[in-house]
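Observations on the model geometry
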Amino acid sequence: MHILEQGGFMMWPILALSILSLAVISERFLAFTTRRFPSPEKLAPAFALYRKNDPESAIRHIEDVAPFYVPLYAAFFNDRPLPQKEKVILQTGEALLFTLQRRLEFLATVATAAPLMGLLGTVIGMISTFSNLSASGSVDITLLASGIWQALLTTAAGLAVAIPALLAHRWFCNQYDKTAYRMQHAANQFLNGPQEEEA
(Lines give C-alpha, C1' and ligand atoms only; values in the text may rest on other atoms or scores of the structure.)
Protein backbone atom coordinates (compact mmCIF):
# COMPACT_ATOMS: atom_id res chain seq x y z
CA MET A 1 0.00 0.00 0.00
CA HIS A 2 2.88 2.37 0.81
CA ILE A 3 4.40 1.93 -2.67
CA LEU A 4 1.00 2.45 -4.29
CA GLU A 5 0.58 5.72 -2.42
CA GLN A 6 4.09 6.85 -3.29
CA GLY A 7 3.62 6.09 -6.97
CA GLY A 8 0.63 8.37 -7.28
CA PHE A 9 -2.94 7.90 -8.43
CA MET A 10 -1.92 6.18 -11.70
CA MET A 11 -0.77 3.20 -9.68
CA TRP A 12 -4.38 2.29 -8.96
CA PRO A 13 -5.56 1.78 -12.56
CA ILE A 14 -2.31 -0.10 -13.22
CA LEU A 15 -3.07 -2.31 -10.23
CA ALA A 16 -6.58 -2.91 -11.55
CA LEU A 17 -5.13 -3.88 -14.94
CA SER A 18 -2.70 -6.29 -13.27
CA ILE A 19 -5.51 -8.05 -11.40
CA LEU A 20 -7.67 -8.36 -14.52
CA SER A 21 -4.69 -9.48 -16.59
CA LEU A 22 -3.75 -12.16 -14.07
CA ALA A 23 -7.34 -13.42 -14.03
CA VAL A 24 -7.46 -13.61 -17.84
CA ILE A 25 -4.04 -15.30 -18.05
CA SER A 26 -5.10 -17.93 -15.49
CA GLU A 27 -8.43 -18.57 -17.21
CA ARG A 28 -6.95 -18.79 -20.73
CA PHE A 29 -4.07 -20.98 -19.54
CA LEU A 30 -6.58 -23.41 -18.08
CA ALA A 31 -8.65 -23.27 -21.28
CA PHE A 32 -5.74 -23.97 -23.63
CA THR A 33 -4.13 -26.67 -21.51
CA THR A 34 -7.38 -28.59 -21.00
CA ARG A 35 -8.63 -28.22 -24.59
CA ARG A 36 -5.70 -29.50 -26.59
CA PHE A 37 -6.67 -31.01 -29.91
CA PRO A 38 -6.61 -34.83 -29.60
CA SER A 39 -3.83 -36.83 -31.22
CA PRO A 40 -4.54 -39.28 -34.08
CA GLU A 41 -3.92 -42.16 -31.66
CA LYS A 42 -6.72 -40.97 -29.40
CA LEU A 43 -9.05 -40.45 -32.36
CA ALA A 44 -8.39 -43.80 -34.04
CA PRO A 45 -11.06 -45.73 -32.05
CA ALA A 46 -13.68 -43.11 -32.94
CA PHE A 47 -12.95 -43.46 -36.65
CA ALA A 48 -13.01 -47.24 -36.30
CA LEU A 49 -16.50 -47.00 -34.79
CA TYR A 50 -17.55 -44.60 -37.53
CA ARG A 51 -16.38 -47.06 -40.20
CA LYS A 52 -18.59 -49.66 -38.51
CA ASN A 53 -21.61 -47.36 -38.98
CA ASP A 54 -21.78 -46.59 -35.27
CA PRO A 55 -21.47 -42.78 -35.14
CA GLU A 56 -23.14 -42.56 -31.72
CA SER A 57 -20.43 -44.70 -30.12
CA ALA A 58 -17.81 -42.69 -32.02
CA ILE A 59 -19.17 -39.46 -30.52
CA ARG A 60 -19.20 -41.02 -27.04
CA HIS A 61 -15.51 -41.84 -27.48
CA ILE A 62 -14.81 -38.22 -28.45
CA GLU A 63 -16.68 -37.11 -25.32
CA ASP A 64 -14.25 -39.20 -23.27
CA VAL A 65 -11.00 -38.06 -24.89
CA ALA A 66 -11.77 -34.49 -26.04
CA PRO A 67 -15.18 -33.21 -24.91
CA PHE A 68 -14.53 -29.66 -26.16
CA TYR A 69 -14.33 -30.94 -29.75
CA VAL A 70 -17.52 -33.02 -29.68
CA PRO A 71 -19.43 -30.47 -31.84
CA LEU A 72 -16.71 -30.66 -34.50
CA TYR A 73 -16.73 -34.46 -34.67
CA ALA A 74 -20.51 -34.52 -34.52
CA ALA A 75 -20.35 -32.45 -37.71
CA PHE A 76 -17.84 -34.96 -39.13
CA PHE A 77 -20.00 -37.97 -38.35
CA ASN A 78 -23.40 -36.66 -39.44
CA ASP A 79 -25.13 -38.11 -42.49
CA ARG A 80 -25.70 -34.90 -44.43
CA PRO A 81 -24.66 -34.60 -48.09
CA LEU A 82 -21.03 -33.57 -48.53
CA PRO A 83 -21.62 -29.88 -49.43
CA GLN A 84 -23.82 -29.39 -46.36
CA LYS A 85 -21.38 -31.35 -44.20
CA GLU A 86 -18.49 -29.09 -45.29
CA LYS A 87 -20.52 -26.00 -44.39
CA VAL A 88 -21.43 -27.35 -40.95
CA ILE A 89 -17.81 -28.37 -40.26
CA LEU A 90 -16.61 -24.88 -41.22
CA GLN A 91 -19.19 -23.14 -39.04
CA THR A 92 -18.52 -25.43 -36.08
CA GLY A 93 -14.75 -25.02 -36.36
CA GLU A 94 -15.06 -21.23 -36.48
CA ALA A 95 -17.28 -21.27 -33.38
CA LEU A 96 -14.77 -23.40 -31.44
CA LEU A 97 -11.86 -21.20 -32.49
CA PHE A 98 -13.79 -18.09 -31.49
CA THR A 99 -14.25 -19.61 -28.03
CA LEU A 100 -10.50 -20.25 -27.74
CA GLN A 101 -9.68 -16.71 -28.89
CA ARG A 102 -11.81 -15.02 -26.24
CA ARG A 103 -10.08 -12.33 -24.16
CA LEU A 104 -6.78 -12.56 -26.05
CA GLU A 105 -7.31 -9.03 -27.37
CA PHE A 106 -7.63 -7.84 -23.78
CA LEU A 107 -4.13 -9.12 -23.04
CA ALA A 108 -2.80 -7.36 -26.15
CA THR A 109 -4.45 -4.16 -24.96
CA VAL A 110 -2.92 -4.51 -21.49
CA ALA A 111 0.53 -5.09 -23.00
CA THR A 112 0.17 -1.83 -24.93
CA ALA A 113 -1.70 0.32 -22.43
CA ALA A 114 0.10 -0.53 -19.18
CA PRO A 115 3.49 0.99 -20.17
CA LEU A 116 1.72 4.10 -21.47
CA MET A 117 -0.20 4.45 -18.23
CA GLY A 118 3.07 4.05 -16.34
CA LEU A 119 4.70 6.70 -18.52
CA LEU A 120 1.77 9.04 -17.95
CA GLY A 121 2.10 8.55 -14.21
CA THR A 122 5.83 9.31 -14.43
CA VAL A 123 5.23 12.49 -16.43
CA ILE A 124 2.58 13.64 -13.98
CA GLY A 125 4.93 12.88 -11.08
CA MET A 126 7.79 14.78 -12.70
CA ILE A 127 5.54 17.76 -13.34
CA SER A 128 4.48 17.74 -9.70
CA THR A 129 8.10 17.44 -8.51
CA PHE A 130 9.40 20.34 -10.59
CA SER A 131 6.35 22.41 -9.72
CA ASN A 132 7.12 21.96 -6.02
CA LEU A 133 10.77 22.83 -6.59
CA SER A 134 9.78 25.96 -8.48
CA ALA A 135 7.44 27.00 -5.69
CA SER A 136 10.12 26.46 -3.04
CA GLY A 137 12.50 28.88 -4.77
CA SER A 138 15.53 26.68 -4.15
CA VAL A 139 16.93 23.42 -5.53
CA ASP A 140 16.81 20.65 -2.96
CA ILE A 141 18.64 17.63 -4.39
CA THR A 142 17.06 15.33 -1.82
CA LEU A 143 13.58 16.51 -2.70
CA LEU A 144 14.35 16.25 -6.42
CA ALA A 145 15.73 12.71 -6.14
CA SER A 146 12.79 11.64 -3.99
CA GLY A 147 10.31 13.04 -6.47
CA ILE A 148 12.01 11.41 -9.44
CA TRP A 149 12.18 7.90 -7.99
CA GLN A 150 8.58 8.11 -6.84
CA ALA A 151 7.54 9.22 -10.33
CA LEU A 152 9.45 6.32 -11.91
CA LEU A 153 7.52 3.82 -9.80
CA THR A 154 4.58 4.02 -12.21
CA THR A 155 6.84 3.27 -15.20
CA ALA A 156 8.21 0.20 -13.43
CA ALA A 157 4.70 -0.88 -12.43
CA GLY A 158 3.41 -0.47 -15.98
CA LEU A 159 6.25 -2.56 -17.40
CA ALA A 160 5.78 -5.20 -14.70
CA VAL A 161 2.17 -5.60 -15.81
CA ALA A 162 2.81 -5.34 -19.56
CA ILE A 163 5.64 -7.86 -19.93
CA PRO A 164 3.77 -10.91 -18.50
CA ALA A 165 0.67 -9.92 -20.48
CA LEU A 166 2.71 -9.72 -23.70
CA LEU A 167 4.44 -13.06 -23.13
CA ALA A 168 1.16 -14.76 -22.22
CA HIS A 169 -0.55 -13.27 -25.27
CA ARG A 170 2.14 -14.57 -27.61
CA TRP A 171 2.01 -18.06 -26.06
CA PHE A 172 -1.78 -18.19 -26.28
CA CYS A 173 -1.71 -17.01 -29.90
CA ASN A 174 0.81 -19.75 -30.66
CA GLN A 175 -1.45 -22.37 -29.08
CA TYR A 176 -4.42 -20.96 -30.97
CA ASP A 177 -2.58 -21.20 -34.29
CA LYS A 178 -1.57 -24.79 -33.57
CA THR A 179 -5.14 -25.75 -32.73
CA ALA A 180 -6.51 -24.01 -35.82
CA TYR A 181 -4.01 -25.84 -38.02
CA ARG A 182 -4.79 -29.23 -36.46
CA MET A 183 -8.54 -28.69 -36.82
CA GLN A 184 -8.14 -27.71 -40.47
CA HIS A 185 -5.84 -30.66 -41.10
CA ALA A 186 -8.32 -33.05 -39.45
CA ALA A 187 -11.18 -31.67 -41.52
CA ASN A 188 -9.20 -31.96 -44.76
CA GLN A 189 -8.21 -35.52 -43.93
CA PHE A 190 -11.76 -36.50 -43.07
CA LEU A 191 -13.28 -34.98 -46.19
CA ASN A 192 -10.67 -36.79 -48.30
CA GLY A 193 -11.11 -40.21 -46.73
CA PRO A 194 -9.61 -39.87 -43.18
CA GLN A 195 -11.28 -43.02 -41.98
CA GLU A 196 -8.71 -45.02 -43.91
CA GLU A 197 -5.79 -42.80 -42.97
CA GLU A 198 -6.59 -42.79 -39.29
CA ALA A 199 -6.72 -46.60 -39.04
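Predicted, not measured: the structure shown is a model, and the values here were computed from it.

Describing the overall build of the protein chain
- The number of helices and strands found in the protein chain is 9 helices and 0 strands.
- For the protein chain, the sequential pattern of α-helices and β-strands runs α-α-α-α-α-α-α-α-α.
- Within the protein chain, the fraction of its 199 residues that count as buried is 38%.
- Summarising the internal contacts of the protein chain: among those between residues at least 6 apart in sequence, 74% fall at separations of at least 24.

Notes on the confidence of the model for the protein chain
- Model confidence for the protein chain is summarised by a mean pLDDT of 86, while 87% of its residues fall at 70 or above.
- By mean pLDDT, the top-scoring element of the protein chain is helix 2 (residues 11-34) (94), and the lowest-scoring one is helix 9 (residues 194-197) (42).
- Scored below 50 in pLDDT, residues 194-199 makes 12 contacts in the model with residues more than four places away or belonging to other chains.

Observations regarding helix 6 (residues 82-101)
- The terminal C-alpha atoms of helix 6 lie 28 Å apart, and with 20 residues this matches the ideal 28 Å at 1.5 Å per residue to within 8%.
- Every buried residue of helix 6 is listed here: Lys85, Ile89, Thr92, Gly93, Leu96, Leu97 and Leu100. An end-on view of helix 6 places all buried positions within 135° of arc, on one side of the element. Projecting away from the buried face of helix 6 at angles above 90 degrees are the exposed residues Pro83, Lys87, Leu90 and Phe98.
- Arg103 occupies a position one or two residues after helix 6 and carries a positive phi of about 70°.

Remarks on the side chain of Thr179
- In this structure, Thr179 sits in helix 8 (residues 141-191).
- Those residues in contact with Thr179 that lie beyond four places of it in its chain are Tyr69, Leu97 and Leu100.

Here we look at the pattern of salt bridges
- Considering all chains together, one arrives at 2 salt bridges under this definition.
- Of the charged contacts, one joins Arg28 and Glu27 as a salt bridge, the two residues approaching to 2.7 Å between their closest N and O atoms.
- Given the relative accessible area of 1%, Arg28 is considered buried.
- The class for Glu27 is partly exposed, based on a relative accessible area of 30%.
- For Arg103, the salt bridge goes to Glu27, with nearest N and O atoms at 3.3 Å. With Arg103 in the loop between helix 6 and helix 7 (104-136) and Glu27 in helix 2, this pair connects stretches of sequence that are 76 residues apart.
- A network of salt bridges, in which partner residues are shared, links Glu27, Arg28 and Arg103.

Things to note about the nonpolar core
- One finds Phe37, Tyr69, Leu72, Tyr73, Phe76 and Phe77 to be the most contacted residues of the largest nonpolar core, which totals 34 residues.
- Those elements that place two or more of their residues in this core are helix 2, helix 3 (40-51), helix 4 (55-65), helix 5 (70-76), helix 6, helix 7 and helix 8.
- At 8 residues, the largest contribution of residues to this core is made by helix 8.
- Judged by nonpolar contacts, the second largest core, of 12 residues, contains Ile14, Leu17, Val110 and Ala165.

Some remarks on the packing of aromatic side chains
- Inspection of every chain in the model, using the stated rule, returns 15 aromatic pairs.
- Where Trp171 meets Phe172, the ring centres are 5.5 Å apart and the plane angle is 70°; that geometry is what we call edge-to-face.
- Every member of this aromatic cluster is reached through a ring pair, and the members are Phe37, Phe47, Tyr50, Phe68, Tyr69, Tyr73, Phe76, Phe77 and Phe190.

Analysis parameters
Residues numbered from 1 in each chain as written. Predicted model: local features only at pLDDT ≥ 70, side-chain atom pairs only at ≥ 80, totals over all residues. Heavy atoms only, no water. Helix = DSSP H or I, 4+ residues; strand = E, 2+ residues; numbered from the N terminus. Buried < 20%, exposed > 50% of the residue type's maximum accessible area, 1.4 Å probe, protein only. Contact = heavy atoms within 4.5 Å. pLDDT = per-residue confidence, 0-100. Expected span 1.5 Å × (residues − 1). Arc of directions from axis to C-beta. Salt bridge = Lys/Arg side-chain N within 4 Å of Asp/Glu carboxyl O. Core = buried A, V, L, I, M, F, W, Y, C linked by side-chain atoms within 4.5 Å. Phe/Tyr/Trp six-rings, centres within 6.5 Å; stacked < 30°, edge-to-face > 60°.

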